Amino acid sequence: MSKQMKLSGWFKSLTPTNNAINPASTSQIELQHDMSSDEEQPPAPAATQKKSKTRKFVTSWEVKYPGVFERDGKLYCKACTTYTTISDPSSTLVQGTGSYRTAGLDKHWTSKQHERAVSRYNEVEAERTGRPVDGPMNRAIRQLNAANYEILVKLLNTAYYVLINEEPFTSLPHLLELQIKNSSDLQRLTSYKSDQACRRLTPYIADTIRQSIVTSLRNSTAISILFDGATDNSVQEVEVVYARYVNNGEPKTVFFSLQPVKHAHAQRIYEAIEQAFVDNRIDDWKEKLVGMACDGAAVNLSRKNSVATRVKENAECVISVHCVAHRLELAVLQAIKNNRYLEDLKEILKLIYKHYQYSPKALREVTNIAMALETKVLKPNRVDGTRWSPHMQRALEVLATSYEVLLAHFEHVAEARPGETTADIRGRAVFLRNRLKDYTIVRFPHFLRDLLDVIGNLSLVFQKDSLTVNGMLDALETAHLQLTALKQSPGSKLAEFTAALQRDPSGCKATYREVELKNVQMDDSNTYIDVIETVMQHMNNRFDSEADVSTPILRAARVFDIKEGPQEKAQLATYGDCDIKRLWRHFQPVLQRQKPTNEETLLAEWIQLKAFIANAGWRAISSVCYGGHQERFAHILMLHDVVLTLPVSSATCERGFSCLSRIKTDWRSSLRVDMMDKLMLVSLEGPTIQDFNAEGPLDLWWESAQRSRRPRFQERTDEQASSDLLESFLIL
């Protein structure tokens, strides 16, 4: 197998011989140095009787020994003289040497002290100039053939556009043709223009994105995992794995891996999660693991023979959490599933959806009625779905907004003559017309909209990637107060219905939107209080279960929510001490591994932290202590990071499955799991097309090949060169 040709060597073959220069080795880093153009060479020593070789500064050394320069007849190294603390201050090239021998230069340029100084020099220069640190791709292109490099950058940018927009690989050739038609110089590229080229470039783009994620996980104090399983388009079991960590006081949840699962058993799912970390070479993930979140399936969270039990066998500190968004859905469903008003309403909503979903004629007729009434009508949608609350909310919104139009259409169909419609459709219309005039059926949806607004807002909070334990508890308390308010006074939707309702003096008859209602009730102020109380009871049972071993730890995590602490010094002195001790004893193995400490040191820092935040005006820890106080509160902030790492929701896994469904369509069902993993990573974690930098993938693509890369370019014609020269002149 032939050795990979360096990029500089390949581009040299395209460059005329008389213009070629000798670039530095890729193991060396080119340095910029300030040498005056009018600096004269030191005069040669006078000839003596003894013939000796006259040594002087050779200009080719500037390429062979990047950063060498001459001053007052002595040689110096620019990087080592700039950063003497990390180089060798006793080196002759730091103090200045009059020896012009290459042996001394070779020895200095291969020393570790010189490499450290060069690395530091380039980092500072990159930060000052805003340019990335030079890699082999940048050096070779800058020195040899920048025009062809720009073409490769455009190719990578186009391929990234295809991936970030979840388009098929076959879009790449068409996009390249479009750019060529718009006068792009991509026409000079005669290879890597097929859909297979896009497929081959995908791993290098994905690996560049994955590298930053893996680096963050390796440097993090703690790690949590979120996972869920599904069956893709090709009827293959897969497990989507997300990782959660803390960066500078902010929790981050990122897509980590998509793994195939042989069987949806606890052992196989655990092996798939473990394989995700093995593939990414994170060997210490079990020592850092503090939490896991998933749905409530028995294979994930049962007390015996589940994924949670297998994880805890290898990581004793892990807190397993049933997704709070899933728990909320189950609590609401269980609370109102036997409510007689809801059962009647669901039957009506299903019939309305069926009436218009399978009949274009009915949809056309109701649209014409809406135009005649000068109002709008929304197309009914189904009430059942994976997530019950959003489907029910949308169905109720349609019913409330299009009430008059729907009722007018059902009356029209109910009065149709024989032969104009079928008996089944006419019978359905008669049933819906009568039910939509019932007072209890018309009133209950408005109350349910108020109730679901509270539940829906809570569900949206629970689905956020940045949700923390304190954020979850705050949202629960807010929802509890809102439900209590609904018990005492009607919500906005029910109040609108009451205001639009016109009762006669006796109170036995009423009209709503010019529709006379039946079965009108005299006093219905307390009709739905029992529904609200049942919902609150089931929510408390789901979220405050004493049988859940994770509940005490999650409650103790509340101690770091000290935006408003006690004002009395006596209370402040002991505030949160018991919770800190509980958290320390549970997560002690993880904390000791990162930075050894003890309980006394942790409590001492906790007292200092309370005093510091109290003097700062009781603000959040992340806004006060991560701005330069990490060393002062190193141990307590490390515990704070562990608490922020704890996951409480796995709703982000559902977004991963949505991405999977968008990419792996029926037309792309042959995509393998490893390729899907890369495509999902780019789609979910990749930067915007404006922020994408093609240099990293290009370096990786060029250096990782087992054989030489051979992109082919057409020679530039004299007419193209003249045009470019004229354009450059006009720009200047």
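Just so we're clear, the structure is a prediction, and the values are computed from it rather than from any experiment.

(A) Inspection of the overall build of the chain at higher detail. Within the chain, the secondary structure is distributed over 34 helices and ten strands. Across the 732 residues of the chain, 46% fall into the buried class. Working note: accessible area of the chain is about 38500 Å², and carbon and sulfur atoms make up 49% of it.

(B) View of the pairing of strand S5 (residues 250-260). Counting buried residues in S5 gives eight out of eleven residues, a clear majority hidden from the surface. Here strand S4 (residues 237-247) pairs with S5 via ten bridges, running antiparallel. Bridging across to S5, valine 240 finds its partner in leucine 258. Connecting S4 to the antiparallel partner S5 that follows it, the hairpin turn spans two residues, and asparagine 248 within it adopts a positive phi of roughly 55 degrees.

(C) Focus on the sheet that holds strand S10 (residues 515-517). Here three strands make up an open sheet; going across it, the order is S8-S9-S10 and the pairing antiparallel. On the outer flanks of this sheet lie strand S8 (501-503) and S10, each paired with one strand and no other. Going across the sheet, the axis of each strand differs from the next one's by a mean of 30 degrees, ignoring polarity. As defined by bridge partners, strand S9 (residues 510-512) adjoins S10 across three bridges and the pair is classed as antiparallel. Counterpart to tyrosine 512 in the pairing with S10 is valine 515. Seen against the sheet, helix H23 (residues 492-500) touches S8 and S9 and runs at an angle of roughly 40 degrees to S8.

(D) Structural context of empty space enclosed by the protein. For the coordinates displayed, the defined rule picks out six cavities of 30 Å³ or more. Taken as a whole, the largest cavity spans an internal volume of roughly 100 Å³. For the largest cavity, the full set of lining residues is Leu396, Leu399, Ala400, Tyr403, Leu436, Ile441, Val442, Pro445, His446 and Tyr512. Counting residues per element, the ones that place at least two in the lining of the largest cavity are helix H18 (388-401) and helix H21 (439-462). The dominant element in the lining of the largest cavity, judged by the number of residues it contributes, is H21, at four residues. In terms of residue class, the lining of the largest cavity is built from nine nonpolar, one polar and no charged. For the second largest cavity, the calculated volume is near 70 Å³. Leu226, Arg244, Thr253, Lys464, Asp465, Leu467, Pro647, Val648, Ser649, Ala651 and Thr652 together form the lining of the second largest cavity.

(E) Representation of the pairing of strand S2 (residues 74-77) within the structure. Pairing of strand S1 (residues 68-71) with S2, which is carried by four bridges, proceeds in the antiparallel orientation. Within the sheet, the bridge partner assigned to valine 68 lies in S2 and is cysteine 77. A loop of two residues connects S1 with S2, the two strands running antiparallel in sequence, and aspartate 72 in this loop sits at a positive phi of about 55 degrees.

(F) Spotlight on the nonpolar core. Counting residues in hydrophobic clusters, the biggest one holds 102 residues, and the most contacted among them are Phe462, Met539, Phe587 and Ile636. The element best represented in this core is H21, accounting for twelve residues. Once residues lying within four places of it in the same chain are set aside, the contact partners of phenylalanine 587 are Val290, Cys317, Ile319, Ile553, Val642 and Leu646. In this structure, Val162, Leu201, Tyr270 and Met676 belong to the second largest nonpolar core, which totals 78 residues.

(G) The arrangement of the packing of helix H27 (residues 577-594) against helix H30 (residues 634-645) in detail. With their axes 10 Å apart at the nearest point, H27 and H30 run at an angle of 100 degrees to one another. One finds that H27 runs roughly perpendicular with respect to H30. When H27 is examined against H30, the residues Ile580, Leu583, Phe587, Leu591 and Gln594 are found in contact with a partner set consisting of Ile636, Met638, Leu639, Val642 and Val643. Its residues placed into classes, the contact of H27 with H30 shows nine nonpolar, one polar and no charged.

(H) Representation of the confidence of the model for the chain in the model. When pLDDT is averaged across the chain, the result is 81; 82% of the residues are at 70 or more. Mean pLDDT across the secondary structure elements of the chain bottoms out at helix H34 (residues 718-731), with 44, and peaks at helix H32 (residues 673-685), with 94. In the model, residues 725-732 has pLDDT below 50 throughout and makes zero contacts with residues more than four positions away in sequence or in other chains.

(I) Local environment of unusual backbone geometry. Here the phi dihedral of glutamate 166 falls at roughly 60 degrees; this positive angle occurs in a residue that is not glycine. A residue is classified by how much of its surface remains accessible, and glutamate 166, at 18% relative accessible area, is buried. One non-glycine residue, asparagine 519, adopts positive backbone phi at about 55 degrees. If you trace the backbone, asparagine 519 turns up in the loop between S10 and helix H24 (529-543). A residue is classified by how much of its surface remains accessible, and asparagine 519, at 54% relative accessible area, is exposed.

(J) Spatial organisation of the environment of valine 214. If you trace the backbone, valine 214 turns up in helix H10 (residues 195-219). Sequence separation between valine 214 and arginine 281 is 67 residues, and the spatial gap between their C-alpha atoms is 8.3 Å. The residues contacting valine 214, other than those within four sequence positions of it, are Asn280 and Ile282.

(K) Representation of the pattern of salt bridges in the model. Under the defined criterion, the tally for this structure stands at 19 salt bridges. A salt bridge links arginine 268 to glutamate 271; its shortest N-O distance comes to 3.2 Å. Placement of the pair is arginine 268 and glutamate 271 together in helix H11 (residues 266-279), with a separation of three residues, close to one helical turn. Note that lysine 437 is salt-bridged to glutamate 411, the shortest N-O span being 3.0 Å. Here the residue lysine 437 occupies a position in the loop between helix H20 (423-435) and H21, and glutamate 411 occupies one in helix H19 (residues 403-414), the gap between them amounting to 26 residues. According to the relative accessible area criterion, glutamate 411 is partly exposed, its value standing at 26%. Within this structure, Asp284, Lys288 and Arg593 form a network of salt bridges that share partners.

(L) Inspection of the side chain of histidine 446 at higher detail. Topologically, histidine 446 is positioned in helix H21. Contact partners of histidine 446, with chain neighbours within four places excluded, come to Lys493, Leu494, Phe497 and Tyr512.

(M) The arrangement of the packing of aromatic side chains in detail. Taken as a whole, this structure holds 22 aromatic pairs when the rule is applied. An angle of 80 degrees between the planes, with centres 5.8 Å apart, marks the rings of phenylalanine 57 and tryptophan 61 as edge-to-face. Residue phenylalanine 57 shares its accessibility class with tryptophan 61, and that shared class is buried. Taking the centre distance of 5.7 Å and the plane angle of 25 degrees together, the rings of phenylalanine 69 and tyrosine 76 count as stacked. Across this residue pair, the class does not change: phenylalanine 69 and tyrosine 76 are buried.

Reading the values: rules and limits
- Residues numbered from 1 in each chain as written.
- Predicted model: local features only at pLDDT ≥ 70, side-chain atom pairs only at ≥ 80, totals over all residues.
- Heavy atoms only, no water.
- Helix = DSSP H or I, 4+ residues; strand = E, 2+ residues; numbered from the N terminus.
- Buried < 20%, exposed > 50% of the residue type's maximum accessible area, 1.4 Å probe, protein only.
- Areas by Shrake-Rupley, 256 points an atom, 1.4 Å probe, with all protein chains shown as cover.
- Pairing = 2+ DSSP bridges.
- Axes fitted to C-alpha atoms, helices over the stretch in contact; angles between N-to-C directions.
- Contact = heavy atoms within 4.5 Å.
- 1 Å grid on protein atoms, 1.4 Å probe; cavity = no way out; pocket = protein on both sides within 12 Å on 5 of 7 lines; lining within 4 Å.
- Points joined across faces, edges and corners; volume = space filled by probe spheres on them.
- Nonpolar A, V, L, I, M, F, W, Y, C, P; charged D, E, K, R; others polar.
- Core = buried A, V, L, I, M, F, W, Y, C linked by side-chain atoms within 4.5 Å.
- Parallel < 35°, antiparallel > 145°, perpendicular 65-115°, else oblique.
- pLDDT = per-residue confidence, 0-100.
- Salt bridge = Lys/Arg side-chain N within 4 Å of Asp/Glu carboxyl O.
- Phe/Tyr/Trp six-rings, centres within 6.5 Å; stacked < 30°, edge-to-face > 60°.

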